[in-house]
Amino acid sequence: MAKNGKSKPAHSSSGGDGGFAKLPSAVIELESGFVLGARLLGAPKRGLRRLALRGLDAGVIEPSPLQINVTKPETLDKAIRAVSSAIGNGGGQTALLLPDATVRVNILDFETLPPKKNELESLLRWKIKDNLGFAAEEARISYQETRRAPGKIELLVIAVKKDVLAQYEGAIESTRGGPSVILPATAALLPLLPETEPGVQLLTHVCSGWVTHALVEGTRLRSWRSRQLGQSSEMAEVVSEAARAQASARDRMGLEITRAWLCSRPLLGEGLRDSLQKTLGLAVEDLPLDRTFEAGLGAEEKPLYGLFAAPLAGMISNLGRAS
């Protein structure tokens, strides 16, 4: 998503996942339960140089696509400064990962597209207005072409309410400067899914009281659904949402899920994978994390890699892909 022309361009004319020609030098992820920060190494070494985590008490961030998210800015600022100090500055650009709950994700089909950017953005705002919950002119939008065939063009469109996004940008601006790239956390995980898988893949991402289910076919995102979890039956709700995603894929889209993945940050419960496997009728695998990416971390940082850093591994994996 672009910020006053400074960020990575918000649109791409290519199909598939847009890759990074050059990695941001740092990443800050803001979730309701934690602040995660990392210094990244680009090509040729590729990996993590530093990694730091600070937990957040309930109520500091309350993710929502519609209203104020940062309810205790001073507490959040303290956590961001601690993480930023731990990973160091080092110059370069910073990426910002948002809670999935802040974004609206749309997959749209067109026969043709307007030739001018402003006309296309006006059309996109009109097409997604009923899915926003707020006025279309209040949205910051990012879009990417994911498929083109004769008479059919598919666009992935991500929208965030401007004042919601401004809170997150402002939270890191004093310590890291304005972000160059902004992504919802699950979007950063998608490059970890095998692109050559012949069937449809389901990703379950559980993080800080929310669950997102993403359905991927090849490199195409076919569906995205985020829901807040209850306080007393989180595991049951995750499994129920997975079953709903599987049924929707089969009944509404004519797609059969052949592979299922789980990313839980932190792990919600030891029985979650077994429950998902029983409900889906599929083996549920952990996302594949390249362990070479953690080689540059200190002994106290390495445990965080497997527990929290999957989106960072996804971003590093995306380096050099066609965009």
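Quick notes on the rules
- Residues numbered from 1 in each chain as written.
- Predicted model: local features only at pLDDT ≥ 70, side-chain atom pairs only at ≥ 80, totals over all residues.
- Heavy atoms only, no water.
- Helix = DSSP H or I, 4+ residues; strand = E, 2+ residues; numbered from the N terminus.
- Buried < 20%, exposed > 50% of the residue type's maximum accessible area, 1.4 Å probe, protein only.
- Phe/Tyr/Trp six-rings, centres within 6.5 Å; stacked < 30°, edge-to-face > 60°.
- Polar contact = N/O pair within 3.5 Å; in protein donor to acceptor, adjacent residues only side chain to side chain.
- Contact = heavy atoms within 4.5 Å.
- pLDDT = per-residue confidence, 0-100.
- Salt bridge = Lys/Arg side-chain N within 4 Å of Asp/Glu carboxyl O.
- Pairing = 2+ DSSP bridges.
- Axes fitted to C-alpha atoms, helices over the stretch in contact; angles between N-to-C directions.
- Core = buried A, V, L, I, M, F, W, Y, C linked by side-chain atoms within 4.5 Å.

## Considerations on unusual backbone geometry
The omega torsion across arginine 265 and proline 266 is -10°, close enough to zero to call that bond cis. Along the chain, proline 266 falls in the loop between β13 (257-265) and α6 (272-280). Of note, arginine 46 is a non-glycine position whose phi angle comes to about 55°, a positive value. In this structure, arginine 46 sits in the loop between β3 (34-41) and β4 (47-55). With phi around 50°, serine 208 is a residue other than glycine that occupies positive phi space. Topologically, serine 208 is positioned in the loop between β10 (200-207) and β11 (210-217). Of the residues examined, serine 208 reaches a relative accessible area of 21% and is grouped as partly exposed.

## Focus on the packing of aromatic side chains
All chains considered together, the criterion is met by one aromatic pair. Aromatic pair phenylalanine 34 and phenylalanine 308: ring centres 5.1 Å apart, planes at 70°, arrangement edge-to-face. With phenylalanine 34 in strand β3 and phenylalanine 308 in helix α7 (residues 302-308), this residue pair connects regions lying 274 residues apart in the sequence. For phenylalanine 308, a relative accessible area of 10% puts it in the buried group.

## Overview of the side chain of serine 264
Take serine 264: it is sitting in strand β13. Of the polar contacts made by the side chain of serine 264, one reaches the backbone oxygen of proline 266; its length is 2.8 Å. Excluding its chain neighbours within four sequence positions, the residues that come into contact with serine 264 are Val206 and Leu307.

## Section: the confidence of the model for the protein
In the predicted model, the protein carries a mean pLDDT of 90, and 92% of its residues have values of at least 70. Low pLDDT, under 50, characterises residues 2-17; the predicted model gives this stretch 45 contacts beyond four residues in sequence or across chains.

## Section: the environment of alanine 309
Within the element layout of this structure, alanine 309 appears in the loop between α7 and α8 (310-317). Take alanine 309: its relative accessible area is 0%, and that puts it in the buried class. Considering only alpha carbons, one finds alanine 309 and valine 211, 98 residues apart in sequence, at a separation of 17 Å. If we skip the residues at most four places from it in the chain, alanine 309 touches Leu36, Leu51 and Leu304.

## Thoughts on the pattern of salt bridges
Tallied over the full model, the rule gives 20 salt bridges. With its nearest N and O atoms 3.0 Å apart, the salt bridge here joins lysine 161 to aspartate 163. Arginine 259 is the partner of glutamate 285 in a salt bridge, and the nearest nitrogen-oxygen pair spans 2.7 Å. Residue glutamate 285 is found in strand β14 (residues 284-286), and its partner arginine 259 is found in strand β13; the two are separated by 26 residues along the sequence. Overall, the relative accessible area of 28% leaves glutamate 285 in the partly exposed class. You can call arginine 259 partly exposed: its relative accessible area is 24%.

## Topic: the sheet that holds strand β9 (residues 181-184)
With mixed pairing, five strands are arranged side by side in an open sheet as β4-β3-β2-β5-β9. Both outer strands of the open sheet, β4 and β9, are each paired with one neighbouring strand and no more. Taken pair by pair, the neighbouring strands of this sheet meet at an average axis angle of 15°, ignoring direction. Across four bridges, strand β2 (residues 26-30) lies against strand β5 (residues 94-98) in parallel orientation.

## Points about the pairing of β2
Counting buried positions along β2 yields five of five residues, so the element is predominantly enclosed. A two-sided burial pattern is seen for β2, the buried positions comprising Ala26, Ile28 and Leu30 on one face and Val27 and Glu29 on the other. Direction of pairing for β2 relative to β3: antiparallel, over a ladder of five bridges. Residue pairing in the sheet places leucine 30 in a bridge with valine 35 of β3. Linking two consecutive strands that pair antiparallel, namely β2 and β3, is a turn of three residues.

## Thoughts on the nonpolar core
With 65 residues, the main nonpolar core has Leu30, Val35, Leu48, Leu51, Leu76 and Tyr305 as its most contacted residues. With residues up to four places along the chain from it excluded, the contact list for leucine 51 reads Leu36, Gly37, Ala38, Ile87, Leu297, Glu301, Leu304, Tyr305, Ala309 and Leu312. Leu255, Leu262, Leu282 and Val284 belong to the second-largest nonpolar core, a separate cluster that totals 20 residues.

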